[in-house]
Amino acid sequence: MSMVMLMMMMIFWGRSTAFVATTSQRCKAVRRFPSASSNVNSWSARFSSSGMEDMTGWTIKKTIQESTKWLEQGKVPEPDLSVQHLLAASLQLSWESGFRDVLQKNRAGVILTPDQAQDYGRKLERRLQQEPLQYILGQWDFLDYTISIRSPLLCPRPETEELVMKVIEETTESPIHILDVGCGTGVIGLALAEKMPDSSVEAIDIDPVAIATSLENAKRILGPSQMSCYSAKLCSAQDFDPDHSFDIVVSNPPYIPRADMETLTEDVVRYENEGALCGGEEGMDVIRVIVEKLPSWCNAGAVCWMEVDPTHPELIAKWIADTPSLNVEFDSTHKDMYGKDRFVKLRLL
Ligand SMILES: C[S@@+](CC[C@H](N)C(=O)[O-])C[C@H]1O[C@@H](n2cnc3c(N)ncnc32)[C@H](O)[C@@H]1O
């Protein structure tokens, strides 16, 4: 087994499926399962109306025990991990290990100050409303980076980490020009820019929050010395008309077929942007635009990597085979860690 495979297995071990159950390497066991929303709403409404209990003066041990119980009763996914993360943030423990440190025996008797109790109470209320941990904390991990994240941007999924690793594994030339279509927080383009220092990355998105956040993340991930190799522009795939050619187009476009939107968990539906998730009837609206635009974005031989719905590789392959005027060939389908056909690689003829 290659080192890369071994690393990927270590990174992705124990993770769950895109869009219906998300997590990140920060907590390998974190999962979001579909929740019983009627229970959730009635319970959290009752809780909020009676007000969050003042936890000032409580020990860490009691705070963990009681608030885990509240989240369980509120049917909030991953109650233990939620409590650990949120409490660590309120206690201002380090991002790297705070959520584990909070459980240390020697902390059990430490008393919450009024400020800590208030801050933790506010965070807990948000979690009781099913808000994703990523948004409450304002940051999360993607591969070996800590990124800023805010609603309604897509919380990066572990499958997208796989996409980045695949692009890196299969890229042999350098320097290369990369286009990231639908950058969101910027994770794909930024990870590629950082891991392939000879590359330059241009990112586009239709959401101004995405552009601002990806530039903020560029500062975090690339730092001043590498910042110049990343740019992000508010522009749709339809309207993007670059003045130079790209060698690689990479995208995790909105790809969920409309009928499948109903299967998403409440936290995804309530907090993440539908425009970042739903790709129209078949889930292929933005995918089709990207494929059709490839000849105007790239030189012959350029490749396009996309994360897609498992129903898409077959549809894309057939569409390309039936439409020679696209000037694109279908290179390959790649499975994600759950064995689903999740990634496609295309090549411009
Ligand atoms: C599934 S999210 C991916 C975000 C990020 N790349 C990631 O993997 O976490 C899709 C992104 O595409 C953007 N988007 C949707 N339609 C688009 C379009 N027509 N052109 C460019 N970006 C688009 C959305 O705003 C959203 O940020």
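Right above here is the structure, for reference.
Residues numbered from 1 in each chain as written. Predicted model: local features only at pLDDT ≥ 70, side-chain atom pairs only at ≥ 80, totals over all residues.

## Observations concerning the packing of helix α3 (residues 60-73) against helix α4 (residues 79-90)
Packed helices, taken two at a time, are described by the angle their axes make and the gap between the axes.
1) Next: Contact geometry of α3 with α4 gives a least axis separation of 9 Å together with a crossing angle of 130°. Classified by the angle between their axes, α3 and α4 sit oblique to one another. When the axes of α3 and α4 are compared, the crossing they make is right-handed. Contacts between α3 and α4 involve T63, I64, S67, T68, L71 and E72 on the former and, on the latter, P79, D80, S82, V83 and L87.
2) Next: Classifying every residue of the contact of α3 with α4 gives five nonpolar, four polar and two charged. (Axes fitted to C-alpha atoms, helices over the stretch in contact; angles between N-to-C directions. Helix = DSSP H or I, 4+ residues; strand = E, 2+ residues; numbered from the N terminus. Parallel < 35°, antiparallel > 145°, perpendicular 65-115°, else oblique. Left-handed = near helix turned anticlockwise from the far one by under 90°. Contact = placed C-beta atoms within 7 Å. Nonpolar A, V, L, I, M, F, W, Y, C, P; charged D, E, K, R; others polar.)

## Considerations on the site of the ligand
1) Next: Looking at the ligand, there are 24 residues lining it, with G182, G184, A237, N252 and A276 nearest.
2) Next: Residue assignment for the shell around the ligand shows that the elements contributing at least two residues are α9 (187-195), β4 (200-205) and α12 (274-277).
3) Next: The residue makeup of the shell around the ligand, split by class, is 14 nonpolar, eight polar and two charged. (Near = placed C-beta within 6 Å.)

## Focus: the sheet that holds strand β8 (residues 328-335)
1) Next: With mixed pairing, seven strands are arranged side by side in an open sheet as β5-β4-β3-β6-β7-β9-β8. Edge positions in the sheet fall to β5 (230-234) and β8, since each of these pairs with one other strand and no more. Taken over all neighbouring pairs, the strand axes of this sheet differ in orientation by 20° on average, direction set aside.
2) Next: The pairing of strand β3 (residues 177-181) with strand β6 (residues 246-251) spans four bridges and is classified as parallel. Among the inter-strand pairings, D180 is bridged to a residue of β6, identified as V250.
3) Next: In the packing of helix α14 (residues 312-322) onto the sheet, the strands contacted are β8 and β9 (341-348), and the crossing angle to β8 comes to about 165°. (Pairing = 2+ DSSP bridges.)

## Here's the deal with the pairing of β8
1) Next: In the sheet, β8 pairs with β9 via seven bridges, with the strands oriented antiparallel. Note that in β9 the partner of H334 across the bridge is F343.
2) Next: Counting the residues in the hairpin turn of β8 and β9 gives five residues, including G339, whose phi is positive at 80°.

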